[in-house]
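Letter by letter, the chains look like this.
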Amino acid sequence: MSLTEQVELEELQARVKAARRITVLTGAGMSAESGIPTFRDAMTGLWSQFDPAELASDEGYRAAPARVWAWYAERRSGVRAAHPNAGHLALAAFARHHPGVLTVVTQNVDDLHQRAGNADTIRLHGDILEDRWLDPCPRRGGPPCDPGWARPATAARPPMCSDCGHLVRPGVVWFGENLPLQALNDAEHAADTAELMLVVGTSGAVWPAAGLAARARRAGAWVAIVNPHPTEIDTDADQRVRGTAAGVLPLLFSGV
Ligand code: BV8
């Protein structure tokens, strides 16, 4: 690390120390050091010939439910096998020692922030481990069927309701679907009220999440990006720290 980078990091640590409200927006890079491929890396290997919008969309699922379910099943087992990394743990420890200061907003569909201890993480894109019905349950005169009752997936199809044949889908927000309104409102409020916003491990390619950095800056926050590579929203930040989540966040949040 150069002297300039060291000074910039120390200045950012001072901002963490002084800030009464900090918002951290995370993307797939936050979980990379836990062994979960980033979203676009998840399109490598078998999936590289597919476009994310093709697989992670309602149309894509209906067109090839078995294939898309297999992609999610593979990603789910990766999430279950992963553990929070030093970056997740540094944020959770800071939140414990400084109640009410930190808000974590994530685009990630894994549960690593929650498992680290940030139970109130705002989830913009849902939960990959959750099952939902692809279409509303048609059952009348009683509670809807529980997706947990569905017949297990086979190689030919996702889990399916034994009553009506409806398919199960993962509880994530697909491209072309609206984000959960409460989560989006909470995330925008966290951007509007932050004194400091850290944007960690996101390429800034997916909207409306990508707009939160510029929104925070307009509202007066100091915005710092933590990413080993340039992002599509670098110009929305006051500062760019070229480093990784598990490398930089413990330096910023531990010991303050
Ligand atoms: C919507 C769940 C209304 C599924 C995901 C405005 C302009 C242009 C387009 C749009 C727009 N508004 C809406 C759109 C359309 C679309 C969109 O944004 N398209 C993009 C691709 C152009 N948005 C939507 O459809 C959203 N819905 O707006 O509703 C609407 C309705 C109809 C029509 C229009 C609008 C819904 C978007 C949600 C999609 N679902 N996930 C699933 O996961 O299967 S998004 C998906 O991408 C993941 O959630 C992921 O988190 C997210 C963002 O990606 P990143 O997290 O940034 O991951 P990525 O791999 O790209 O980058 C990783 C980064 O980490 C890199 O920068 C890398 O350098 C860095 N890194 C790597 N290692 C590390 C690291 N950083 C730190 N440490 C490390 N160790």
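Quick note: structure is the one above.
My aim in this report is to walk through the structure given alongside it, one point at a time. What you see as residue numbers is a count from 1 along each chain, following the sequence as written. At least 70 in pLDDT is required for a residue's local features to be given in this predicted model, at least 80 for side-chain atom pairs to be given and counted, and no such filter applies to totals for whole chains, interfaces and linings, which use all residues. Processing note: side-chain calculations cover all non-hydrogen atoms of the structure and skip hydrogens and water entirely.

A short note on the site of the ligand
The condition is simple: Summary of the distance rule: residues count as near a molecule or strand when at least one heavy atom falls within 4 Å of that molecule or strand. Two N or O atoms form a polar contact when they lie within 3.5 Å of each other; inside protein one atom must be a possible hydrogen donor and the other a possible acceptor, and for residues adjacent in sequence the pair counts only when both atoms belong to side chains. Exposure was quantified through the Shrake-Rupley algorithm and a 1.4 Å probe, taking into account, for residues, occlusion by the shown protein chains and nothing else. Residues are grouped as follows: Ala, Val, Leu, Ile, Met, Phe, Trp, Tyr, Cys and Pro are nonpolar; Asp, Glu, Lys and Arg are charged; all remaining types, including Gly, are polar.
Lining the immediate surroundings of the ligand are 35 residues, of which Arg40, Tyr72, Gly176, Thr202 and Ser203 lie closest. At 2.7 Å, a backbone N or O of Gly176 approaches an oxygen atom of the ligand. Between the ligand and the protein, one listed contact pairs an oxygen atom with a backbone N or O atom of Gly201 at 3.3 Å. When the free accessible area of the ligand is taken as 1500 Å², the share hidden by the protein chains comes to 74%. Split into classes, the residues belonging to the shell around the ligand amount to 17 nonpolar, 14 polar and four charged.

Some points on helix α1 (residues 3-18)
Basically, it comes down to this: Runs of H or I in DSSP of at least four residues are treated as helices and runs of E of at least two as strands, each being numbered from the N terminus. In this scheme, a helix's expected span is set at 1.5 Å multiplied by one less than its residue total. With a 1.4 Å probe rolled over the protein chains alone, any residue whose accessible area is under 20% of its type maximum counts as buried; one over 50% counts as exposed, and the rest are partly exposed. Note: the arc covers the axis-to-C-beta directions of the helix. The contact definition used throughout considers only heavy atoms, calling two residues in contact when any of these lie within 4.5 Å.
Taking 1.5 Å of rise per residue, the 16 residues of α1 would be expected to cover 22 Å, and the 23 Å separating its terminal C-alpha atoms lies within 8% of that figure. Leu9, Leu12 and Val16 are the residues of α1 that are buried. What you see down the axis of α1 is that its buried residues fit within an arc of 65°, all on one side. The outward face of α1, more than 90 degrees from its buried face, is lined by the exposed residues Leu3, Thr4, Lys17 and Ala18. Those residues of α1 hidden inside the fold are in contact with β1 (22-26), α5 (86-97), β6 (196-200), β7 (222-226), β8 (239-241) and α9 (245-253).

Quick word on the environment of Leu249
As for its position among the elements, Leu249 is in helix α9. Separated by 49 residues in the primary sequence, Leu249 and Val200 have C-alpha atoms spaced 9.0 Å apart.

Remarks on the pattern of salt bridges
Selection rule: A side-chain nitrogen of Lys or Arg and a carboxyl oxygen of Asp or Glu constitute a salt bridge if their distance falls within 4 Å.
The tally for this structure, following the rule as stated, stands at 11 salt bridges. Of the charged contacts in the structure, one is a salt bridge between Arg76 and Asp131, with a shortest N-O distance of 2.6 Å. One end of the pair, Arg76, is in helix α4 (residues 65-81); the other, Asp131, is in strand β4 (residues 126-133), and 55 residues separate them in sequence. Using a relative accessible area of 7% as the deciding quantity, one classes Arg76 as buried. Classification of Asp131 by relative accessible area gives partly exposed; the value is 30%. A salt bridge links Arg115 to Asp111; the nearest nitrogen and oxygen atoms lie 3.0 Å apart. What makes Asp111 buried here is its relative accessible area of 16%. Within the structure, one salt-bridge network assembled from shared partners comprises Asp58, Arg62 and Asp135.

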